[in-house]
Amino acid sequence: MIPAIIVLAALIALLVGVLAFANGFVNQFGVPKLTRRIRLTKEDRILYVVAHPDDEVLMSVTLSLLKRRYRLPVKGLYLTHGEDGPTFDLVPKSGLLERRTQELARVRELLSLDEMTICDYPDRYLADQPFDTVCESVRREAEAFAPTYVFTFDENIGMYGHTDHVAAGKAAVSVAKTLPGVKGVFQMTLPGGMLALALKMSRTFRERYDPARGLPKPNVAVNIYRWRGIRYAVTRAHETQTAVMRELQPYYDKLPRWLYYAIFDREYFYFRTKSELD
């Protein structure tokens, strides 16, 4: 009879092997850490520019680390209230704007943000607004905060094809080019394995992602496993968007957190210095 300790050891070894394989499939190894890509100083200031409440989720641990570990000022700029999104039957549609504003207040607390601004551009129609007007709103907030680094979406596909995301990314990059203190821009992206999995498991990605306008290849990675509780808490703070979060992060609320984030343990960015933005 095989001793129980040997069986247990074999099962643990099998689990470790499976996790290592899954982690290796979704991640891209060799991508530099953020602190190897740039040298942070105590004078640095972080501004992130997104379209909707919940858009910060995929960079939430990075933002939290910049604030808590490096003690840098961080400001969030949201261009819409996300009032045209789903409600998860928690509020009537007419009450969604107020509810999502409340959810963002919780996010501000979780991320210890120094400042947060929510603009009044219409949800789902940000790309239809005059581009110069949107840029002026971003410029006004950016000049008041004086960031050295800007975090946002890519300008081509906005992660998976949402036109509001694309508009936010374009406006953020356009403004960053002209601000004297900005050193560079970080844009959320995914490595090939993670994108391939998203295209299989997420209807949103399958229906909206256009490979011809694909995501930029990551050149910065931030390991989030140790701080996985922050990612989970920020995700859960957007209660009205529970269905969206489950779509974009399949099984995040079904699997044990230690297991889920042992696989999806990094946030990825495409970084460009200011001189590379032109």
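Residues numbered from 1 in each chain as written. Predicted model: local features only at pLDDT ≥ 70, side-chain atom pairs only at ≥ 80, totals over all residues. Heavy atoms only, no water.

Caption draft 1: Expanded view of empty space enclosed by the protein. A complete count under the given rule lists 1 cavity of 30 Å³ or more for this structure. In this structure, the largest cavity occupies an estimated 30 Å³ of space. Lining of the largest cavity is provided by Leu47, Val49, Val138, Ala142, Val150, Ala172, Val175, Ala176 and Leu179. Of all the elements in the fold, those that place two or more residues in the lining of the largest cavity are β1 (46–50), α5 (131–145) and α7 (163–178). Considering every element that reaches the lining of the largest cavity, the biggest residue donor is α7, with 3 residues. Its residues assigned to classes, the lining of the largest cavity shows 9 nonpolar, no polar and no charged. (1 Å grid on protein atoms, 1.4 Å probe; cavity = no way out; pocket = protein on both sides within 12 Å on 5 of 7 lines; lining within 4 Å. Points joined across faces, edges and corners; volume = space filled by probe spheres on them. Helix = DSSP H or I, 4+ residues; strand = E, 2+ residues; numbered from the N terminus. Nonpolar A, V, L, I, M, F, W, Y, C, P; charged D, E, K, R; others polar.)

Caption draft 2: Up close: the layout of surface pockets. As a volume, the largest pocket reaches approximately 920 Å³. In terms of lining, the largest pocket is formed by 42 residues, of which the most central are Tyr160, Phe205, Val244, Met245 and Leu248. When contributions to the lining of the largest pocket are tallied by element, the ones reaching two or more residues are α6 (158–161), β5 (184–189), α8 (192–201), α9 (203–208), α11 (242–248) and β7 (266–273). Grouping the constituent residues of the lining of the largest pocket by class yields 21 nonpolar, 9 polar and 12 charged. In this structure, the second largest pocket encloses a volume near 250 Å³. What lines the second largest pocket is simply Lys33, Leu34, Thr35, Thr62, Leu65, Leu66, Arg69, Tyr70, Ala221, Val222, Asn223 and Trp227. Where the lining of the second largest pocket is concerned, the elements lending two or more residues are α2 (34–37), α3 (60–68) and β6 (220–223).

Caption draft 3: Structural context of α3. Of all 9 residues that make up α3, 8 are buried, and the element is covered over most of its length. Within the sequence span of α3, burial applies to Ser60, Val61, Thr62, Leu63, Ser64, Leu65, Leu66 and Lys67. (Buried < 20%, exposed > 50% of the residue type's maximum accessible area, 1.4 Å probe, protein only.)

Caption draft 4: Quick look at the nonpolar core. Core analysis: the biggest nonpolar cluster contains 80 residues, and Tyr48, Leu79, Phe151 and Phe186 have the highest contact counts within it. No other element matches α7, which puts 7 residues into this core. The residues contacting Phe151, other than those within four sequence positions of it, are Leu34, Ile46, Leu47, Tyr48, Val49, Met59, Thr62, Leu66, Phe186 and Phe269. (Core = buried A, V, L, I, M, F, W, Y, C linked by side-chain atoms within 4.5 Å. Contact = heavy atoms within 4.5 Å.)

Caption draft 5: Main features of the packing of aromatic side chains. One pass over the full model with this rule turns up 12 aromatic pairs. Considering the side-chain rings of Tyr160 and Phe205, the 5.5 Å spacing of their centres and the 55° angle between planes classify their relative orientation as tilted. Of the two residues, Tyr160 is situated in helix α6 and Phe205 in helix α9; the sequence distance between them amounts to 45 residues. Like Phe205, Tyr160 is buried. Cluster of aromatic residues (ring-pair linked, three or more members): Tyr149, Phe151, Phe186, Phe269 and Phe271. Just above the ring of Phe145 sits the side chain of Arg45; from NZ or CZ to the centre is 4.3 Å. (Phe/Tyr/Trp six-rings, centres within 6.5 Å; stacked < 30°, edge-to-face > 60°. Lys NZ or Arg CZ within 6 Å of the ring centre and 35° of its normal.)

Caption draft 6: Up close: the sheet that holds β1. On the basis of which strands lie adjacent, the open sheet formed by 7 strands has the order β3-β2-β1-β4-β5-β7-β6 and mixed pairing. Only two strands of the sheet have a single neighbouring strand rather than two, namely β3 (115–121) and β6. Neighbour-to-neighbour, the strand axes of this sheet turn through a mean angle of 25°, independent of strand direction. Of the strand pairs in this sheet, β6 and β7 are connected by 4 bridges, and their pairing is antiparallel. Within the sheet, the bridge partner assigned to Asn223 lies in β7 and is Arg266. The strands touched by α5 within the sheet are β1, β2 (74–80) and β3, with β2 carrying the most contacts at an inclination of about 165°. (Pairing = 2+ DSSP bridges. Axes fitted to C-alpha atoms, helices over the stretch in contact; angles between N-to-C directions.)

Caption draft 7: Region of the structure containing the environment of Met159. When you line up the elements, Met159 lands in helix α6. On the basis of relative accessibility, which here comes to 4%, the residue Met159 falls in the buried class. Residues Met159 and Leu195 lie 36 residues apart in sequence; the distance between their C-alpha atoms is 9.8 Å. Non-local contacts of Met159, meaning those with residues more than four positions away in its chain, are made with Leu58, Phe153, Asp154, Met188, Thr189, Leu190, Phe205, Tyr209 and Leu215.

Caption draft 8: Representation of the packing of α3 against helix α4 (residues 96–111) within the structure. Put simply, α3 and α4 touch, their axes get as near as 9 Å, and they point 50° apart. It follows from the interaxial angle that α3 and α4 lie oblique. Counted together, Ser60, Leu63, Ser64, Lys67 and Arg68 of α3 and Glu109, Leu110 and Leu111 of α4 form the full contact between these two elements. (Parallel < 35°, antiparallel > 145°, perpendicular 65-115°, else oblique.)

Caption draft 9: Focus on the packing of α3 against helix α10 (residues 228–237). Where α3 meets α10, the axes come as close as 9 Å, and the angle between the chain directions of the two elements is 120°. Taken together, the axes of α3 and α10 lie oblique to each other. Of the two possible hands of crossing, α3 and α10 adopt the one that is right-handed. On α10, the residues touching Ser60, Val61, Ser64 and Arg68 of α3 are Ile230, Arg231 and Val234. (Left-handed = near helix turned anticlockwise from the far one by under 90°.)

From the geometry alone we can't say anything about function, so treat these as descriptive.
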